[in-house]
Amino acid sequence: MFDNLSDKFSEAFKNISGKGKISESNIEETLKLVKTALLEADVNFKVVKNFINNVKEEALGEKVIKGVNPEEQFVKIVHDELAKTMGDKNTELNYIEGGITPILVVGLNGQGKTTFSGKLSLFLSKKEKKNVLLVPADTFRPAAKDQLITLAKSMNMDWFDSDLSKHPKDIAADAMAFAKENGKDIVIIDTAGRLHVDEELMGQIKEVRQGLEGLNPEVLMVADAMTGQEAVNVAKSFHEAVGLTGVVLSKMDSDARGGAALSIKHVTGVPIKFISTGEKMKDLELFHPDRLAGRILDMGDVLTLVEKAEAAIDKDDAEGMMKRLEKGKFSVNDFMKQMDMMKNLGSMASIMKMIPGMGGMLKQVGDLTPAENEMKRMRVIINSMTKKERDNYKIMKDSHIKRIAKGSGNTEAQVRDFIAKFKQMEQMMGGLSKMMKGGAMPGMPGMPGMDGMPGMPGLGGKKKKPRKKGGKWGGGFF
Ligand SMILES: Nc1nc2c(ncn2[C@@H]2O[C@H](COP(=O)(O)OP(=O)(O)OP(=O)(O)O)[C@@H](O)[C@H]2O)c(=O)[nH]1
Ligand SMILES: [Mg+2]
């Protein structure tokens, strides 16, 4: 996310590292670089101007904090200003207590409205324990109804069988009545898009909005983060015409530059409420400006990582594993479970970016594909093992190894290599269980510190220098 902006910022900060203290002359060059970085990221020029002025004022007015070097102080100032520009804290959805909250999802063509509607229903029913109804109201492109229903079915979510021959305003009214009869808390209405902001579209959405007047609807506009300033302009038009309560930035997993995220709140006054980070239904995050500022500045985002872990990791599984670890037991099965837990959290690269300092390391390491491929290979090997072998690999003899190699499409050497690595891991886990008994238990459920993270080659217990870009992992799991 915003890799280019991150790189440019860290280049800019190098300028003041090693300086005795912050002064007008030694931040001048850095500020220039920060400004260029923001403009290149397609941030609105007025926002950039304001940003630079504020950072300068803060930096020069900053009291010298003993023990904190100027670079760190400057980074902190930039962090806080980034967060402030994006709206400081997450703005929550407005729920109507004891009633039904209508959420109207609007935006231009192909921006991710239908996908977001699906994601939001999952988010609200899982995280907020809401009873959600999904309503297809795209009368412009009838196939959109099937698209939403397919998503709803895949998540076991309730959906409304809209009559697409009616005006979306009436569909919304029918859906609200249905929701009332069926004890729903939230009604998500997915509307049609158009190629450009046009009168017809705005007129239609205005009518839907008016139909919901008095019900205090959320009106969320979905915008593709890749479109930068264009997203800002569209948000402005929509806000003027229908009054938005929030913006959702979609496709944040693509190489969006950051312009939309950094400009929308400042230019339109409308807060960004969610970010969409992939095509899967679980790829939705609340928008936390302060945390995103941290990610941009390579400070990681541990809070989001912990939340993801809580959502993705089965508590009973994790507790069971902890108990086994405490007893010093660690089997191939446990290892497989750990790999599954990690997989649920996202790609290796996306996890690493959320750990402070790892973002920079990731850049040095370069491509993580070989490591991910190795994890895949381990999975196939494990899948070819019998239950007995997984419980206790020590029973494995040459004939077993031969069978597993054949069954998993690997060479015998590769199977032996896996067993050797597993042995190392087992030893590490033994050490960990002693630590745990000593009361020094690391925090995250099922993720006993970095050392226990499967598939983090070169980052585990034995410290190795990060390899150069393009370098091979060479099968090194540790
Ligand atoms: N990578 C990625 N793709 C996304 C994301 N959100 C949506 N998409 C993809 O973008 C395409 C368009 O998404 P839709 O949800 O159909 O967009 P829409 O706004 O409903 O489109 P219309 O109804 O035609 O106006 C689909 O292929 C989605 O899979 C995201 O966060 N990341
Ligand atoms: Mg759609």
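A brief structural summary. Residue indices follow the written sequence of each chain, beginning from 1 at its first position. Chains carry letters from A onward and ligands carry numbers from 1 onward, assigned in written order. Per-residue local features of the predicted model are confined to residues with pLDDT of at least 70, and side-chain atom pairs are confined, for both listing and counting, to 80 or more; whole-chain, interface and lining totals are unaffected and use all residues. Calculated side-chain values reflect all of the structure's heavy atoms, with hydrogen atoms and water omitted.

## Quick word on the overall build of the protein
Moving on, step 1. The secondary structure listing takes helices from DSSP runs of H or I that are at least 4 residues long and strands from runs of E that are at least 2 residues long, numbered from the N terminus. Counting its regular elements, the protein contains 20 helices and 8 strands.
Moving on, step 2. The contact rule is simple, with two residues in contact once any of their heavy atoms fall within 4.5 Å. For the protein, the proportion of contacts with a sequence separation of at least 24, taken over those separated by at least 6, is 73%.
Moving on, step 3. Accessible surface, the protein as shown: approximately 22,900 Å² in total, 51% of it carbon and sulfur. Shrake-Rupley sampling with a 1.4 Å probe provides the accessible areas, and residues are treated as covered by the protein chains on show and by no other component.

## So, the site of ligand 1
Moving on, step 1. Here a residue counts as near a molecule or strand whenever at least one of its heavy atoms sits within 4 Å of it. Lining the immediate environment of ligand 1, one finds 19 residues, of which Lys 113, Thr 114, Thr 115, Gln 147 and Asp 253 sit closest.
Moving on, step 2. One of the side-chain N or O atoms of Lys 119 is found 3.4 Å from an oxygen atom in ligand 1.
Moving on, step 3. Note that an oxygen atom of ligand 1 is positioned 3.2 Å from one of the side-chain N or O atoms of Arg 141.
Moving on, step 4. Protein coverage of the free-state accessible area of ligand 1, which is 650 Å², stands at 81%.
Moving on, step 5. Looking at the shell around ligand 1, the element that brings in the most residues is helix α5 (residues 113-126), giving 4 residues.
Moving on, step 6. Charged residues are taken to be Asp, Glu, Lys and Arg, nonpolar residues to be Ala, Val, Leu, Ile, Met, Phe, Trp, Tyr, Cys and Pro, and polar residues to be all remaining types, Gly included. The residue inventory of the shell around ligand 1, partitioned by class, reads 1 nonpolar, 11 polar and 7 charged. Side-chain atoms alone can form a polar contact between residues adjacent in sequence; in general such a contact is a pair of N or O atoms within 3.5 Å, and within protein one must be able to donate a hydrogen while the other accepts it.

## Notes on unusual backbone geometry
Moving on, step 1. Within the chain, Lys 129 stands out as a residue other than glycine whose phi angle is a positive 55°.
Moving on, step 2. Summarising the element assignment, Lys 129 is placed in the loop between α5 and β2 (132-137).
Moving on, step 3. Phi is positive for Lys 251, close to 60°, though the residue is something other than glycine.
Moving on, step 4. Relative to the elements of secondary structure, Lys 251 occurs in the loop between β6 (246-250) and α10 (259-268).

## A word on the packing of helix α2 (residues 24-40) against helix α3 (residues 45-61)
Moving on, step 1. Lines fitted to C-alpha atoms define the axes, with helix axes restricted to the stretch in contact, and inter-axis angles between N-to-C directions lie between 0 and 180 degrees. Between α2 and α3, the shortest axis-to-axis distance is 10 Å and the interhelical angle comes to 155°. Regarding the angle of α2 to α3, the classification is roughly antiparallel. In this structure, the crossing between α2 and α3 has a hand that is right-handed. Between α2 and α3, the contacting residues are Glu 24, Ile 27, Leu 31, Val 34, Lys 35, Leu 38 and Leu 39 on the first element and Phe 45, Val 48, Phe 51, Ile 52, Val 55, Lys 56, Ala 59 and Leu 60 on the second. Angle categories: roughly parallel below 35 degrees, roughly antiparallel above 145, roughly perpendicular from 65 to 115, and oblique for all the rest. Handedness of a crossing follows from how the near helix is turned relative to the far one, being left-handed for an anticlockwise turn of less than a right angle and right-handed for a clockwise one.

## Observations regarding the pattern of salt bridges
Moving on, step 1. Salt bridge, as applied in this entry: a Lys or Arg side-chain nitrogen positioned within 4 Å of an Asp or Glu carboxyl oxygen. Evaluated as defined, the whole model comprises 21 salt bridges.
Moving on, step 2. For Lys 166, the salt bridge is made with Asp 174, and the minimal N-O distance between the two is 2.8 Å.
Moving on, step 3. One connected set of salt bridges, linked through shared partners, spans Glu 374, Asp 417 and Lys 421.

## Thoughts on the nonpolar core
Moving on, step 1. In this text, buried Ala, Val, Leu, Ile, Met, Phe, Trp, Tyr and Cys residues form a nonpolar core when linked through side-chain atoms within 4.5 Å. Each residue's exposure class comes from its accessible area (1.4 Å probe, protein chains only) as a fraction of the maximum for that residue type: buried when under 20%, exposed when over 50%, partly exposed otherwise. Core analysis: the largest hydrophobic core is formed by 74 residues, its most contacted members being Phe 9, Phe 74, Phe 238 and Leu 249.
Moving on, step 2. Sorting elements by how many residues they give to this core places helix α4 (residues 70-86) first, with 7 residues.
Moving on, step 3. Counting contributing residues, this core receives three or more from each of domain 1 (3-86) and domain 2 (101-299).
Moving on, step 4. Aside from chain neighbours lying at most four places away, what touches Leu 249 is Ala 223, Ala 225, Ala 260, Ala 261, Ile 264, Ile 272, Phe 274, Ile 275 and Ser 276.
Moving on, step 5. Judged by nonpolar contacts, the second largest core, of 40 residues, contains Phe 330, Phe 335, Ile 351 and Met 375. Residue ranges labeled as domains rest on an automatic or database domain assignment.

## Brief notes about the pairing of strand β5 (residues 218-224)
Moving on, step 1. The buried fraction of β5 amounts to 7 of the 7 residues, a majority that puts the element mostly inside the structure.
Moving on, step 2. Along β5, one buried face is formed by Glu 218, Leu 220, Val 222 and Asp 224 and the opposite face, lined by Val 219, Met 221 and Ala 223, is buried too.
Moving on, step 3. The β-α-β motif built from β5, the intervening helix α9 (residues 229-242) and the parallel element β6 has right-handed crossover chirality. We call a crossover right-handed when, viewed with both strands directed away from the observer, the connection leading from the first strand over the helix to the second proceeds clockwise.

## With respect to helix α6 (residues 143-154)
Moving on, step 1. End to end, α6 covers 17 Å across 12 residues, agreeing with the expected 16 Å (1.5 Å per residue, within 8%).
Moving on, step 2. For α6, the elements touching its buried residues are α5, β2, β3 (158-159) and β4 (186-191).
Moving on, step 3. The first or second residue beyond α6 is Asn 156, which carries a positive phi of 60°. Take the number of residues in a helix, subtract one, and multiply by 1.5 Å to get its expected span.

## Here's the deal with the sheet that holds β5
Moving on, step 1. Judged by pairing direction, the sheet is mixed, and its 8 strands sit side by side in the order β3-β2-β4-β1-β5-β6-β7-β8 without closing on themselves. Only two strands of the sheet have a single partner each, and these edge strands are β3 and β8 (284-286).
Moving on, step 2. Here β2 runs beside β3; their pairing, made up of 2 bridges, is parallel. Each bridged residue has a counterpart across the sheet, and for Leu 134 the counterpart in β3 is Trp 159.
Moving on, step 3. The sheet contacts of helix α7 (residues 168-181) involve β1 (101-106), β2 and β4, and relative to β2 the element is tilted by about 160°. Note: two strands are recorded as paired if DSSP finds a minimum of 2 bridges between them.

## With respect to empty space enclosed by the protein
Moving on, step 1. Any residue with an atom within 4 Å of a point lines the site, the site being either a cavity, points on a 1 Å grid over the protein atoms alone where a 1.4 Å probe fits but cannot get out, or a pocket, an open set with protein on both sides within 12 Å along at least 5 of 7 lines. Grid points are joined across faces, edges and corners, and a volume is the space filled by probe spheres set on the points. This structure, assessed with the given rule, holds 6 cavities of 30 Å³ or more.
Moving on, step 2. For the lining of the second largest cavity, the secondary structure elements donating two or more residues are α17 (369-383) and α20 (412-437).
Moving on, step 3. Within the lining of the second largest cavity, the residues separate by chemical class into 3 nonpolar, 1 polar and 4 charged.

Shape descriptors only; they carry no functional weight alone.
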